[in-house]
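Chains, contacts and geometry: an overview
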Amino acid sequence: MKTHLLHLALIGLLFALGFILPDYHQGNFSRIMVLAIYAMGYNVMFGYTGMLSLGHAMFFAAGMYGFGLSVQLGDLGVIPAMLLALLGTAAFAALVGALSLRTIGVGFMIVTLMFAQAVYLTILYAGKYTRGDEGFVLQPEARTIAGMALNQPDIRYFTALMLFGLVLLGTGLLVRSNFGSVLVAVRENEERTRMLGYDVIAHKMGAVVVSGVISGLSGATYAALFGYVGASFATVQYSIFPLLWVLLGGMGTTLGPFVGALLMFYLIDYSSGLTNAYMLIVGVALVLLVLFARAGIIGEIRKRWVPWLP
């Protein structure tokens, strides 16, 4: 009950902020909530199941391009394009899982990285449709639902909040289900979980698909709300970002991905206004985190003061 109330309180706070934030910060929070969905998807696979992926941008890009190309080339509406993007991402995640789960540890990391690079190169080679590095812009009239234009700041913010809230509540339920408990058991001791009679591979496959679909939802939502689809979102950098957000906020926590995305977004935003070497500041902050808060911000709070935090 405390967990659900905490999640609802965060959603309520973000709802209230939608009416009082200045335009600049309202736009930032819209972007942060979409990226936090991406981080929550990554957290299902890494934070709860213990599988470290270095190629998660392939799922974000699959959702983004699935949506963008459906709108641009297929002339579909927002909702049909979103559903098609999620179905395509789910199928792609199942394929990746079926092949990558033949490996473990470092091998799994390398295979996911190779898949992500293959997706990135495919986007570049299919430049006739994807526009390669340049990407393409989705026109505002193609991004409307029931007459509501998703490029309008208020509609964009509350649409991002609605999807963020659904994913937050959904992942909260998932990790407390029997399925989620088995994922945590796999993370803690895979062999013992297998000895207890659980199908470890099936649960890992489920984690990959769920993680991929949530990440794909984030990519499709980004394209729908911000109107841009580009190959930069399929690079290694965008595979590293969710890892950093989860580590900063706290892996294996439901609130950690949002906290990590929020803090890193504003850390980069403010430090880039001070110096061109802003990534050095970000790097120092991450080193300090590893030294003094190894469980991440929410993880340390849970470990030291509030043990019931999800």
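Given the structure is predicted, the values throughout are model-derived calculations rather than measurements. (Residues numbered from 1 in each chain as written. Predicted model: local features only at pLDDT ≥ 70, side-chain atom pairs only at ≥ 80, totals over all residues. Heavy atoms only, no water.)

Looking at the overall build of the protein chain
Here is the rule: Helix and strand assignments come from DSSP, with helices taken as H or I runs of at least 4 residues and strands as E runs of at least 2, each series counted from the N terminus. Only C-alpha atoms enter the radius of gyration; for comparison, a globular chain is expected to reach 2.2 Å times N to the power 0.38, where N is the number of residues. Partly exposed describes any residue whose relative accessible area lies between the buried limit of under 20% and the exposed limit of over 50%, with all areas from a 1.4 Å probe on protein chains only and scaled to the type maximum. The contact definition used throughout considers only heavy atoms, calling two residues in contact when any of these lie within 4.5 Å. Throughout, the Shrake-Rupley method with a 1.4 Å probe supplies accessible areas, and for residues the shown protein chains are the sole cover considered.
Secondary structure summary: the protein chain contains 14 helices and four strands in total. Taking 2.2 N^0.38 as the reference for a compact globule, 310 residues should give roughly 19 Å; the C-alpha atoms of the protein chain span a radius of gyration of 19 Å, in line with that estimate. Along the longest, intermediate and shortest principal axes, the C-alpha atoms of the protein chain span 55 × 45 × 40 Å. By residue count, 50% of the 310 residues in the protein chain fall in the buried class. Long-range pairs, those at least 24 residues apart, make up 77% of the contacts in the protein chain between residues at least 6 apart in sequence. With the model as given, the accessible surface of the protein chain reaches about 14,200 Å², and the carbon-plus-sulfur share is 69%.

Focus on helix H4 (residues 78-100)
How we decide: To estimate how far a helix should extend, the number of its residues minus one is multiplied by 1.5 Å.
Counted at 1.5 Å a residue, the expected span for H4 with its 23 residues is 33 Å, and the 32 Å between its end C-alpha atoms agrees. Turning to H4, its buried residues number three or more, namely Val78, Ala81, Met82, Ala85, Thr89, Ala93, Val96, Gly97 and Ser100.

A word on the confidence of the model for the protein chain
Counted only if it meets this: Scored from 0 to 100, pLDDT records how confident the predictor is in each individual residue.
Of all residues in the protein chain, 100% attain a pLDDT of 70 or more, and the chain-wide mean is 95. Of all secondary-structure elements in the protein chain, the lowest mean pLDDT belongs to helix H13 (residues 278-292), at 84, while helix H10 (residues 200-226) reaches the highest, 98.

Remarks on the pattern of salt bridges
Heads up, the condition is: For salt bridges, the criterion is a side-chain nitrogen of Lys or Arg within 4 Å of an Asp or Glu carboxyl oxygen.
In this structure the tally under the stated criterion is seven salt bridges. The residue Lys204 makes a salt bridge to Glu190 at a minimum N-O spacing of 3.0 Å. Within this pair, whereas Lys204 is found in helix H10, its partner Glu190 is found in helix H9 (residues 190-195), the two being separated by 14 residues in sequence. Residue Glu190 is classed as partly exposed on the basis of its relative accessible area of 24%. Linking Lys303 and Glu300 is a salt bridge whose minimum nitrogen-to-oxygen distance equals 3.4 Å. Here Lys303 and its partner Glu300 are both found in helix H14 (residues 297-304), three residues apart, which amounts to about one turn of the helix. Classification of Glu300 as buried rests on a relative accessible area of 7%. Counted as one network, the salt bridges with shared partners bring together Glu190, Glu191, Arg194 and Lys204.

Describing the nonpolar core
Rules: For our purposes a nonpolar core is just a set of buried Ala, Val, Leu, Ile, Met, Phe, Trp, Tyr and Cys residues, chained together by side-chain atoms within 4.5 Å.
Core analysis: the biggest nonpolar cluster contains 88 residues, and Leu14, Phe67, Phe164 and Phe258 have the highest contact counts within it. Top element by residues in this core is helix H2 (residues 23-48). It accounts for 14 residues.

Side note on a nonpolar patch on the surface
Our working definition: Any residue with relative accessible area above 30% and no salt bridge may belong to a patch, with like charges joined within 9 Å and the nonpolar Val, Leu, Ile, Met, Phe, Trp and Tyr side chains within 5 Å.
Nonpolar side chains collect at one region of the surface, where Leu280, Val284, Val287, Leu288, Leu291 and Phe292 lie side by side and expose about 610 Å² of accessible area between them. Checked against the element boundaries, Val287 lands in helix H13.

Comments concerning H2
Formally: Two axes are fitted around each residue, one to the seven residues ending there and one to the seven starting there, and the angle between them is reported as the bend at that residue.
Between its terminal C-alpha atoms H2 stretches 36 Å, which fits the 38 Å expected from 26 residues at 1.5 Å a residue. The largest bend in H2 amounts to roughly 40 degrees and is located at Tyr42. Downstream of H2 by a residue or two, Gly50 has a phi angle that is positive, lying close to 80 degrees.

Quick notes on the packing of H4 against helix H5 (residues 106-125)
The test is simple: In this description, a line fitted to the C-alpha atoms serves as the axis of each element, helices being fitted only across the stretch in contact, and the angle between N-to-C directions of two axes falls anywhere from 0 to 180 degrees. Reported orientations rely on four angle classes, namely roughly parallel under 35 degrees, roughly antiparallel over 145, roughly perpendicular from 65 to 115, and oblique for the rest. Left-handed describes a crossing whose near helix is turned anticlockwise from the far helix through less than a right angle; right-handed describes the clockwise counterpart.
Between H4 and H5, the least distance of the axes is 10 Å, while the angle of their chain directions is 140 degrees. Judged by the angle between their axes, H4 and H5 are oblique. Crossing of H4 against H5: the hand is right-handed. Contacts between H4 and H5 involve Phe92, Val96, Leu99 and Ser100 from the first element and Phe108, Val111, Phe115 and Val119 from the second.

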